[in-house]
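Descriptive structure summary
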Amino acid sequence: MATISDNLQAVRARIEGAARDAGRDPRSVSLLAVSKTHPAGAIQEAFAAGQPAFGENYVQEALEKMAALGRLQIEWHMIGPLQSNKTKQVAGRFGWVHTLDRERIARRLSEQRPAGLLPLNALIQVNVSGESSKSGVSAIDAIALAQVVARLPGLRLRGLMAIPEPTDDMALQRAQFGVVREVFEGLCADGLPLDTLSMGMSDDLEAAIAEGSTLVRVGTAIFGKRQRVRDAA
Ligand SMILES: *Cc1c(COP(=O)(O)O)cnc(C)c1O
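Residues numbered from 1 in each chain as written. Predicted model: local features only at pLDDT ≥ 70, side-chain atom pairs only at ≥ 80, totals over all residues. Heavy atoms only, no water.

Thoughts on unusual backbone geometry
Although it is not a glycine, Thr 37 adopts a positive phi angle of roughly 70 degrees. Relative to the elements of secondary structure, Thr 37 occurs in the loop between strand S1 (30-34) and helix H2 (40-48). (Helix = DSSP H or I, 4+ residues; strand = E, 2+ residues; numbered from the N terminus.)

Next up, the structure:
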């Protein structure tokens, strides 16, 4: 059976291949290992195999793993929906948040970011799957929200994130990622200093990299199938 270390190598090879195919430097694409529902031991194994950044979807689950792995220099990314009663923990414990879609939550995170820490790296989630998802803002609203977030002292706006409609059709995958890339390029042209496009998962990372992704979020291809889905805690 393939180990987590084997899987990481295979995912890195996919990233490199996709970057080369797109005429991009493979080092311009980072890997976020999505560890939701997987135990702290799996994270430890991936960390030992050279993977420093992990994404979690549920705050309570993440806090438990952070407590178990406190001695490791892990970069924690919050990639699940943000609830206003959990912003304090997100602001206090994570290095990144990928799922900003409301000004009110962004303001709370900024206010609650501890003074001793660098600003929380923030991505605005763009909804490119229309009706099928309630998370994320429209491409138009992302532009207005970005201008607000860019001015909050406790946050550092780094770019955009998207979770497109799942499809096996690579042209459709690329079309959805391409919408996000266009919004990103528009914001950069407006003078915002953005450097991060969080797009691509186990099944569509090649299309995402072809459309300019700089950060792919991969769970299943590294850790295997998720055993259970936890209640959003
Ligand atoms: C679970 C999850 C992923 C990883 O998905 P895989 O298909 O397992 O690679 C990526 N991004 C987000 C936001 C997720 O919730």
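Considerations on the pairing of strand S6 (residues 155-162)
Along any regular strand the residues' side chains alternate between the sheet's two faces. With 7 of 8 residues buried, S6 lies mostly within the body of the structure. As defined by bridge partners, strand S5 (residues 120-126) adjoins S6 across 7 bridges and the pair is classed as parallel. For Ala 122, the partnering residue across the bridge sits in S6 and is Leu 157. As judged from the 3 bridges shared by S6 and strand S7 (residues 196-198), these two strands associate in the parallel manner. Counted as the bridge partner of Leu 160 is Leu 197 from S7. With helix H7 (residues 170-189) bridging S6 and its parallel neighbour S7, the resulting β-α-β unit is right-handed. (Buried < 20%, exposed > 50% of the residue type's maximum accessible area, 1.4 Å probe, protein only. Pairing = 2+ DSSP bridges. Right-handed = clockwise from strand over helix to strand, strands pointing away.)

Describing the site of the ligand
Neighbouring residues of the ligand: 13 residues in total, closest Lys 36, Asn 57, Ser 202, Thr 220 and Arg 226. Contact distances for the ligand include 2.9 Å between a nitrogen atom and a side-chain N or O atom of Arg 217. One of the backbone N or O atoms of Gly 219 is found 2.8 Å from an oxygen atom in the ligand. In isolation the ligand has 390 Å² of accessible area, and contact with the protein removes 90% of it. Here the shell around the ligand is composed, by residue class, of 6 nonpolar, 4 polar and 3 charged. (Near = heavy atom within 4 Å. Polar contact = N/O pair within 3.5 Å; in protein donor to acceptor, adjacent residues only side chain to side chain. Areas by Shrake-Rupley, 256 points an atom, 1.4 Å probe, with all protein chains shown as cover. Nonpolar A, V, L, I, M, F, W, Y, C, P; charged D, E, K, R; others polar.)

Describing the side chain of His 38
By the secondary structure assignment, His 38 is in the loop between S1 and H2. If we skip the residues at most four places from it in the chain, His 38 touches Glu 61, Lys 65, Phe 223, Gly 224, Lys 225, Arg 226 and Gln 227. (Contact = heavy atoms within 4.5 Å.)

Points about the environment of Thr 196
Tracing the backbone shows Thr 196 in strand S7. Judged by its relative accessible area of 5%, Thr 196 is buried. For the pair Thr 196 and Gly 159, spaced 37 residues apart in sequence, the C-alpha separation works out to 4.7 Å. Beyond its immediate chain neighbours, meaning those up to four positions away, Thr 196 contacts Trp 96, Leu 123, Arg 158, Gly 159, Leu 160, Phe 184, Thr 214 and Leu 215.

Comments concerning the pattern of salt bridges
Scanning the model with the defined rule gives 11 salt bridges in all. Between Glu 16 and Arg 20 there is a salt bridge whose closest N-O contact spans 3.6 Å. One end of the pair is Glu 16 and the other is Arg 20, both in helix H1 (residues 4-21) and 4 residues apart, which spans about a single turn. Of the charged contacts, one joins Asp 25 and Arg 27 as a salt bridge, the two residues approaching to 3.0 Å between their closest N and O atoms. The exposure class of Asp 25 is partly exposed, given its relative accessible area of 36%. Salt bridges linked by common partners bring Arg 174, Arg 181, Glu 185 and Glu 211 together as one network. (Salt bridge = Lys/Arg side-chain N within 4 Å of Asp/Glu carboxyl O.)

Digging into the environment of Ala 10
On the secondary structure map, Ala 10 appears in helix H1. When its relative accessible area of 44% is taken as the criterion, Ala 10 is described as partly exposed. C-alpha of Ala 10 to C-alpha of Ala 68: the two residues are 58 residues apart in sequence and 27 Å apart in space.

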